[in-house]
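Fold and geometry: a report
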Amino acid sequence: MYKLNVSENYHFDVEHTTLRLVEWIKSWFAENGSDAKAVIGMSGGKDSTVAAALLCKALGPDRVIGVSMPQGGQSVNGAEKICEYLGMRMLTVNVGAAYDAVSAAIEGQLPLSKASQQNIPPRLRMTVLYAVGQSVNGRVVNTCNLSEDYIGYATKYGDGAGDFSLFANLTVTEVLAIGDFIGLPHDWVHKTPDDGLPNSCPDEEKIGFRYAELDDYIRKGIIPEGHCHNNPAEPLKVDKIRRMNLANLHKITLMPNFEP
């Protein structure tokens with residue numbers, strides 16, 4: 001398990017962090033595309049909403065493009081209202097037909113696993129984001145947070161990809177605090193997180209523990225009590241957190257490479 005700075009006296013200064021984050025965005029774009037646009041996938045969830053708001057503050061809404069990518073008849077989850085509120089442009093690209101075509105092409109030769117079926121849409125969405133980015137001189141935003149990365153709750157080369165990340169070192173609790181600090185509507189910031197897939201269920205229901213418990217473990221070293229609430233046979237929450245962290249380190253570490 002990779003080491004994090006854990007302190008019993010941990011305190012999150014939301015104002016200082018938010019101001020530094022906005023300045024970091026400005027600095028990153030100054031070095032990596034002074035006239036480039038930020039391209040961000042808009043799911044309607046907390047991470048993309050807070051990230052989009054920060055990008056608009058740092059760059060101006062005219063340099064931020066949101067892309068909503070439903071699958072088939074899936075809802076865009078309020079993404080259009082968020083983009084309108086922030087004054088940024090939004091594109092809608094339905095990945096349903098692409099998913100059907102890719103799935104059919106593979107299943108004509110071998111059966112797709114359930115995990116493969118679930119991970120094709122996020123990877124198609126990242127393909128869309130890079131296509132948009134290369135068409136508008138854009139840089140693709142990664143919106144994964146530290147809590148999700150810690151337990152591997154992201155798709156490798158899907159939502160786990162991007163050109164730069166705002167929240168890789170910020171927990172869910174801290175992202176929520178930033179969203180509240182900058183004055184976003186409460187319902188948008190504190191919307192129940194889910195995976196955005198058809199027939200999805202809330203993240204916390206699926207993983208078996210609350211993000212608040214995970215964040216306390218990451219930042220303060222507090223061991224969550226009891227067994228996972230979604231399965232009485234599941235091991236202790238802390239055991240599952242540790243197991244998920246170890247099993248998914250490959251998603252957040254560099255690709256192994258041979259050195260001749």
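Residues numbered from 1 in each chain as written. Predicted model: local features only at pLDDT ≥ 70, side-chain atom pairs only at ≥ 80, totals over all residues. Heavy atoms only, no water.

**Description of the pattern of salt bridges**
A pair can form between side chains of opposite charge whenever their charged atoms are brought close. Rule in force here: The working definition used for a salt bridge is a side-chain nitrogen of Lys or Arg within 4 Å of a carboxyl oxygen of Asp or Glu. By the criteria applied, helices consist of DSSP H or I runs no shorter than four residues and strands consist of E runs no shorter than two, each listed in order from the N terminus. Exposure classes here rest on a 1.4 Å probe applied to the protein chains alone. A residue is buried below 20% of its type maximum, exposed above 50%, and partly exposed in between.
Under the criterion given, the structure shown has six salt bridges. Put simply, Lys46 and Glu148 hold a salt bridge, and the shortest N to O gap is 3.9 Å. With a gap of 102 residues between them, Lys46 in helix α2 (residues 46-59) and Glu148 in helix α6 (residues 146-150) connect regions that are remote in the sequence. Classification of Glu148 by relative accessible area gives buried; the value is 9%.

**Examining the sheet that holds strand β5 (residues 164-165)**
Rule in force here: Here, a strand pair is defined by DSSP locating no fewer than two bridges between the strands. Contact between two residues is taken to exist if any of their heavy atoms lie within 4.5 Å; hydrogens are not considered. Geometry is summarised by axes, namely lines fitted to C-alpha atoms with helices restricted to the contacting stretch, and by angles between N-to-C directions that run from 0 to 180 degrees.
Pairing is parallel in the open sheet, where five strands are placed in the order β3-β2-β1-β4-β5. Both edges of this open sheet fall to β3 (89-92) and β5, since each of them pairs with a single strand only. Relative to β5, strand β4 (residues 138-142) runs parallel, the two sharing two bridges. The residue bridging Asn142 from the neighbouring strand is Ser165, located in β5. On the sheet, helix α5 (residues 114-135) packs against β1 (37-41), β2 (64-68), β3 and β4 and is oriented at approximately 160 degrees with respect to β1.

**Let's talk about α5**
Applied cut-off: Between the first and last residue of a helix there are one fewer steps than residues, each counted as 1.5 Å, and that sum is the expected span. The angle between axes fitted to the seven-residue stretch ending at a residue and the seven-residue stretch beginning at it gives the bend at that residue.
In a regular helix each residue adds 1.5 Å, so 22 residues correspond to 32 Å; α5 covers 33 Å between its end C-alpha atoms and thus fits that length. Largest kink in α5: about 25 degrees, centred on Ile120, with the proline Pro121 one to four residues after it. In the core, the buried residues of α5 are packed alongside β1, β2, β3, α4 (96-107) and β4. One or two positions beyond α5, positive phi appears at Asn137, with a value near 55 degrees.

**A look at the nonpolar core**
The cut-off we apply is this: Throughout this description, the term nonpolar core refers to a set of buried Ala, Val, Leu, Ile, Met, Phe, Trp, Tyr and Cys residues connected via side-chain atoms within 4.5 Å.
In terms of nonpolar packing, the biggest core is built from 52 residues, with Ile40, Leu54, Leu55, Met88, Ile151, Leu166 and Phe167 touching the most fellow members. Ranked by the residues each element gives to this core, the list is headed by α2, at nine residues. Here Leu166 is in contact with Leu21, Trp24, Ile25, Ala51, Leu55, Val141 and Asn142, once residues within four sequence places are set aside. Counting 11 residues, the second largest nonpolar core, distinct from the first, contains Val67, Met69, Val132 and Val140.

**Looking at helix α11 (residues 237-247)**
Let me state the cut-off plainly: Note that the arc is defined by the directions from the helix axis to the C-beta atoms.
Along α11, the residues that are buried comprise Lys237, Val238, Lys240, Ile241, Met244 and Asn245. On an axial view of α11, the arc spanned by its buried residues comes to 160 degrees, and they lie on one face. Its buried side turned inward, α11 meets α6, α9 (203-207) and α10 (211-220).

**Quick notes on the pairing of β1**
Among the five residues of β1, four are classified as buried, and the element is accordingly described as predominantly covered. In this structure, β1 lies alongside β4, joined through three bridges in parallel fashion. When the bridges of β4 are listed, Ala38 appears paired with Arg139. In this structure, β1 lies alongside β2, joined through four bridges in parallel fashion. Directly across from Ala38, in β2, lies its bridge partner Val64.

**Focus: the packing of α4 against α5**
The relative placement of two packed helices is expressed as an angle between their axes plus a distance between the axes. Rule in force here: Roughly parallel covers angles under 35 degrees, roughly antiparallel covers those over 145, roughly perpendicular covers 65 to 115, and oblique covers all other angles. What makes a crossing left-handed is the near helix being turned counterclockwise from the far one by less than a right angle; a clockwise turn instead makes it right-handed. Residue polarity is assigned by list, with Asp, Glu, Lys and Arg as charged and Ala, Val, Leu, Ile, Met, Phe, Trp, Tyr, Cys and Pro as nonpolar; anything else, Gly included, falls into the polar class.
With their axes 10 Å apart at the nearest point, α4 and α5 run at an angle of 130 degrees to one another. By the angle between their directions, the pair α4 and α5 is classed as oblique. Crossing angle aside, the handedness with which α4 passes α5 is right-handed. Along the contact surface, α4 presents Ala98, Tyr99, Val102, Ser103 and Glu107, while α5 presents Gln117, Ile120, Pro121 and Leu124. Residues of the contact of α4 with α5, tallied by class, amount to six nonpolar, two polar and one charged.

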